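Residues per chain are reported as follows:
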Amino acid sequence: MEIPVERRILAANEDLAARNRERLRAAGCFVVNLISSPGAGKTSLIERTADALRAKPAPVSFAVIEGDIATEQDAARVRARGVAAVQINTRGDCHLDARMVSGALDRLAEQTDLSKLDLLIIENVGNLVCPTEFDLGEDAKVVVASVPEGDDKPSKYPATFLRASAMVVNKIDLLPYVDCDLDRLIGDARAVNGRLAVFPLSCRTGEGLEAWIDWLLAGARRNGE
Ligand code: MG
Ligand code: ZN
């Protein structure tokens with residue numbers, strides 16, 4: 001019997017993802033797989049998150065894995081915020097897979113004590129299509145939409161919104177200037193996935209960030225128990 005190649009690749013990925021999940025669960029860490037199209041503001045959201053977590057009275061051990069086709073730029077941006085970060089370069093691949101993340105965890109362990117980690121954000125390659133197919137060992141997929149992209153992404157890429165636990169809508173400060181109906185965007189996303197937590201916010205102004213941070217901290221608390 002012939003098993004389609006794509007199915008075999010995904011099955012091998014599942015095994016490695018389960019191992020990543022076990023490793024991070026043992027640490028009590030909450031792991032987020034951040035997915036969006038290029039330019040929606042994933043790295044800006046991570047920078048803002050780093051600043052907000054640092055301002056909390058109780059320390060939160062936070063680390064980041066950055067995924068891009070090329071360059072170290074995003075990991076450097078995150079490290080500049082005082083957060084442990086490693087970069088994966090996929091060299092052409094349009095998504096991260098569990099094997100890449102496993103190697104990145106080994107490198108991250110050289111920068112920070114993984115057993116004490118509360119929160120890990122994995123920034124996927126900017127792409128709304130296949131990143132959602134590849135389990136990395138995360139607890140939650142979070143899709144980042146942004147106002148300048150318009151309000152049609154949930155209806156055009158339903159699988160990504162269906163598999164997400166939360167949706168961030170970034171750049172709400174631009175709502176007066178672009179054709180994006182926020183109610184339609186959220187309504188369409190909720191029509192695909194009724195359990196989606198939704199966080200409209202602006203990484204530029206900081207509006208709406210607190211609810212997002214609270215959601216991350218609730219996840220970290222849950223896994224830390
Ligand atoms: Mg980025
Ligand atoms: Zn891909």
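What comes next is a walk through the structure. (Residues numbered from 1 in each chain as written. Chains lettered and ligands numbered in written order. Predicted model: local features only at pLDDT ≥ 70, side-chain atom pairs only at ≥ 80, totals over all residues. Heavy atoms only, no water.)

What the chain contains, in helices and strands, is eight helices and seven strands. Its C-alpha radius of gyration of 17 Å places the chain within 12% of the 17 Å reference for a compact globule of 225 residues. Within the span of the chain, comprising 225 residues, buried residues form 52% of the whole. A separation of at least 24 residues holds for 73% of the contacts in the chain among residues at least 6 apart in sequence. Carbon and sulfur atoms form 50% of the exposed surface of the chain, whose accessible area is close to 10,600 Å². The positive charge centre, built from 28 side chains, and the negative charge centre, built from 34, are 2 Å apart in the chain. (Helix = DSSP H or I, 4+ residues; strand = E, 2+ residues; numbered from the N terminus. Rg over C-alpha atoms; globule rule 2.2 N^0.38 Å. Buried < 20%, exposed > 50% of the residue type's maximum accessible area, 1.4 Å probe, protein only. Contact = heavy atoms within 4.5 Å. Areas by Shrake-Rupley, 256 points an atom, 1.4 Å probe, with all protein chains shown as cover. Lys, Arg positive; Asp, Glu negative; His and termini not counted. Charge placed at Lys NZ, Arg CZ, Asp CG, Glu CD.)

Surrounding the zinc ion (ligand 2) are the protein donor atoms Cys94 (SG), His95 (ND1) and Cys130 (SG), at 2.0 to 2.2 Å. Sequence spacing of the donor residues for the zinc ion (ligand 2), all on one chain, is C-H-x34-C. By relative accessible area, His95 is classed as buried at 12%. (Donors = N, O, S within 2.8 Å, 3.2 Å for Na, K, Ca; no water.)

Before going further, it helps to examine the packing of aromatic side chains. Overall, the coordinates contain four aromatic pairs when judged by the stated rule. Seen from their ring centres, Phe199 and Trp215 are 6.0 Å apart, and the 55 degrees between their planes marks the pair as tilted. Placement of Phe199 in strand β7 (residues 197-200) and of Trp215 in helix α8 (residues 209-224) is noted, with a sequence separation of 16 residues between them. Each member of the pair Phe199 and Trp215 is classed as buried. Judged by centre distance (5.8 Å) and plane angle (15 degrees), the ring pair of Trp212 and Trp215 falls under stacked. Here Trp212 and its partner Trp215 are both found in helix α8, three residues apart, which amounts to about one turn of the helix. Take Trp212 and Trp215: they sit in the same class, and that class is buried. Counting every residue linked through ring pairs, the aromatic cluster contains Phe30, Phe199, Trp212 and Trp215. (Phe/Tyr/Trp six-rings, centres within 6.5 Å; stacked < 30°, edge-to-face > 60°.)

Here the focus is the pairing of strand β3 (residues 84-89). Across the six residues that make up β3, a large majority, five, are buried. In the sheet, strand β2 (residues 62-68) pairs with β3 via six bridges, with the strands oriented parallel. Looking across to β3, one finds that Asp68 is bridged to Asn89. Remark: the β2/helix α3 (residues 73-79)/β3 crossover connection has right-handed handedness. (Pairing = 2+ DSSP bridges. Right-handed = clockwise from strand over helix to strand, strands pointing away.)

This part covers the coordination of the magnesium ion (ligand 1). Binding of the magnesium ion (ligand 1) to the protein goes through Thr43 (OG1), Asp74 (OD) and Glu123 (OE), at separations of 2.0 to 2.1 Å. Here the donor residues of the magnesium ion (ligand 1) share one chain and are spaced in sequence as T-x30-D-x48-E. Of this pair, Thr43 sits in helix α2 (residues 42-54) while Asp74 sits in helix α3, and the two are 31 residues apart along the sequence. In this structure Thr43 comes out as buried when scored by relative accessible area, which is 6%.

Turning our attention to the nonpolar core. Leu45, Phe62, Trp212 and Trp215 are the most contacted members of the largest nonpolar core, which has 33 residues in total. Considering each element in turn, this core owes the most residues, seven residues, to α8. If we skip the residues at most four places from it in the chain, Phe62 touches Ile46, Thr49, Ala50, Leu53, Val83, Ala84, Leu117, Leu119 and Ile121. Counting residues in hydrophobic clusters, the runner-up holds 21 residues, among them Val31, Ala63, Ala84 and Leu114. (Core = buried A, V, L, I, M, F, W, Y, C linked by side-chain atoms within 4.5 Å.)

To continue, consider unusual backbone geometry. Positive phi outside glycine occurs at Arg91, with the angle close to 50 degrees. Position of Arg91 among the secondary structure elements: in the loop between β3 and α4 (98-108). Taking the relative accessible area as the measure of exposure, Arg91 reaches 74% and is therefore exposed. Even without being a glycine, Lys171 presents a positive backbone phi close to 70 degrees. Structurally, the position occupied by Lys171 is in the loop between β6 (166-170) and α7 (182-192). Note on Lys171: relative accessible area 22%, which makes it partly exposed.

This brings us to the sheet that holds strand β4 (residues 119-123). In space, the seven strands of this open sheet follow the order β3-β2-β4-β1-β5-β6-β7, with parallel pairing throughout. Only two strands of the sheet have a single neighbouring strand rather than two, namely β3 and β7. Put simply, the sheet's adjacent strands are angled 20 degrees from each other on average, direction ignored. Each of β1 (30-36), β2, β4, β5 (140-146) and β6 touches α2; the most contacted strand, β2, lies at about 170 degrees to it. (Axes fitted to C-alpha atoms, helices over the stretch in contact; angles between N-to-C directions.)

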